[in-house]
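# Structure at a glance
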Amino acid sequence: MELIYIIVIPVVAAALSLFPTKGRSFAPLTTILGTVAVFIASFHTALKASTGTDVVAIKGWLACDAFGSLLLLLVSFVGLTAAIFSWGYSGKIAGPNGPERVRRYYRRYNLFLVSMLAVPVLSHVTLVWIAVELTTLLSVFLVSFPNTPEAIEAAWKYAVLTCMGATLALFGILILLLGNDPLGRGTIHLVGALSGRAKNAPRSPADRIPVRSYRIRYQGRAGSSPHLAP
Amino acid sequence: MPGTDSTILLLTELNALAAGFFLLTAFGLIATRQILACLKIFVIQAALLAASAFVLGYQNASGSLLLVGGITLAVKAVLIPWLLLGSLGNELRSRREISQVFNIPASLLISLVLVVFAYFVSVPLLGTAPGGAAAVNLPIGLAGLLLGAYAMTVRREAVPQVIAILSMENGAFFAGIAIAPDLPLIAELAVAFDVLIITRVMGVLIMKVHEHIGTTAVGEMAALKEE
């Protein structure tokens, strides 16, 4: 059940952030409360998963094992701290039509958070890839938010490089399917595959390629999180 | 479902023909100097990807592959060019040369090396391949992926860079239809949707670049370079 909350809460926060209010603090407060709730839910998931049993919300779609819960905990913690930091940052950088831009910032921030949180909890490896790709596309406009030439340049380079990386990762996933399951049914647990506990044990050297590309993606992602609120 | 051996042979040959032309279009994307020509070659490449999916779908009697072909044709050969022409029509029609880091003959030689490399890498992977089509599609798909990555790296214009990313996606799928033919449909639909979002987001970003920097020659953006 926690996993469903983890996905739904930021979506609700994104919808609420659009709500036009007079003051500037409604969207930031909603987002901070949402991220606190997500962090608590992630902590709970991690406690459950640390006993060695997978936490399953919807069988075959939403599930999380111990390693996934560690990632979940990290993402939700960074999400919480970045949400707190964003309060000052977004107000300072919003410019002339401030309140409207702040609302837009928080909508994008929450949607970006959903895509980040979806990566460790989705069970289907191709949907994981979609979520990874969406993290890029949803964060591009957060990078270009200050609207200066430097910010636009950063956003362009970021978008181009990560889209390229995601395409290479797509190829990696297809090779992983080839190596893991000749019929390519595609229901393998990503995190299980990473930690060498795939449902069908890896059989070929081909398995190593996508694992590496995933690690690179994750490392790249961890590096880009602070980029959110520079 | 094809019955006789000669039909199977014909289908295999047809797939190989589509693959050959696919590789040719990947080279074409590197060799062309005009933005609109780039887009046209991309459309042909997407159509060839769809053709290969149709042939393999018929050969394996796989409904999902036939549908992949249909989705590819609708999204990559029709919707994406339409989106790009709609939002960036002036950019696409401007008849200027795309500046490249290397000149075209040198680029083609490097591409040749990349294709050889793709075959070299594919051979050990093919040990686990399920069928004959993978022996054609995997190396050529990988080559398409690498050539797209190369084109993206050397081009200094925004629109050709986006087209190169989309052609990388074509390459990955060209291999994918042979090595993972039974990918669930939801994944195919999601990827098609995702490609559309990429095009839209990049289109908006290109307009922003144009608005703030006055050009779409993204190679000139160097404010963030480290000394």
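What you see is a predicted model; the values in this text were computed from it and never measured.

What follows concerns the confidence of the model for chain A. Looking at chain A, the pLDDT average stands at 77 and 76% of residues meet or exceed 70. Residue range residues 182-230 of chain A is modelled with pLDDT below 50. Its contacts to residues more than four positions away, or to other chains, number 89 contacts.

Moving on to the side chain of Ser-139 of chain A. Positionally, Ser-139 of chain A belongs in helix H5 (residues 125-143). Once you skip the residues sitting within four places of it in the chain, Ser-139 of chain A turns out to touch Phe-112 and Tyr-158 of chain A.

To describe a pair of aromatic rings, one takes the distance between the centres and the angle between the planes. The tally for this structure, following the rule as stated, stands at nine aromatic pairs over all chains. With a centroid separation of 4.2 Å and 15° between ring planes, the pair formed by Phe-22 of chain B and Phe-174 of chain B is classed as stacked. Within this pair, whereas Phe-22 of chain B is found in helix H1 (residues 5-31), its partner Phe-174 of chain B is found in helix H6 (residues 158-179), the two being separated by 152 residues in sequence. One aromatic cluster is present, built from ring pairs that chain together Phe-85, Tyr-89, Tyr-105, Tyr-106, Tyr-109 and Phe-145 of chain A.

With respect to the helices, strands and loops of the structure, Thr-135 of chain A is situated in helix H5. At 2.3 Å, the side chain of Thr-135 of chain A and the backbone oxygen of Val-132 of chain A are in polar contact.

Now for the interface of chain B and chain A. On the chain A side, the residues contacting the 46 residues of chain B number 39 residues. Together, the buried faces of chain B and chain A total about 3,900 Å²; carbon and sulfur atoms form 81% of this surface. Linking chain B with chain A are three residue pairs in polar contact (both at pLDDT 80 or more). Among the secondary structure elements, those contributing two or more residues to the side of chain B that touches chain A are helix H5 (133-154), H6 and helix H7 (185-213) of chain B. For the side of chain B that touches chain A, the leading source of residues is H7 of chain B, giving 16 residues. Across the side of chain B that touches chain A, the residue classes break down as 37 nonpolar, five polar and four charged.

How each quantity is defined
Residues numbered from 1 in each chain as written. Chains lettered and ligands numbered in written order. Predicted model: local features only at pLDDT ≥ 70, side-chain atom pairs only at ≥ 80, totals over all residues. Heavy atoms only, no water. pLDDT = per-residue confidence, 0-100. Contact = heavy atoms within 4.5 Å. Helix = DSSP H or I, 4+ residues; strand = E, 2+ residues; numbered from the N terminus. Phe/Tyr/Trp six-rings, centres within 6.5 Å; stacked < 30°, edge-to-face > 60°. Polar contact = N/O pair within 3.5 Å; in protein donor to acceptor, adjacent residues only side chain to side chain. Buried area = accessible area lost by both parts, 1.4 Å probe. Nonpolar A, V, L, I, M, F, W, Y, C, P; charged D, E, K, R; others polar.

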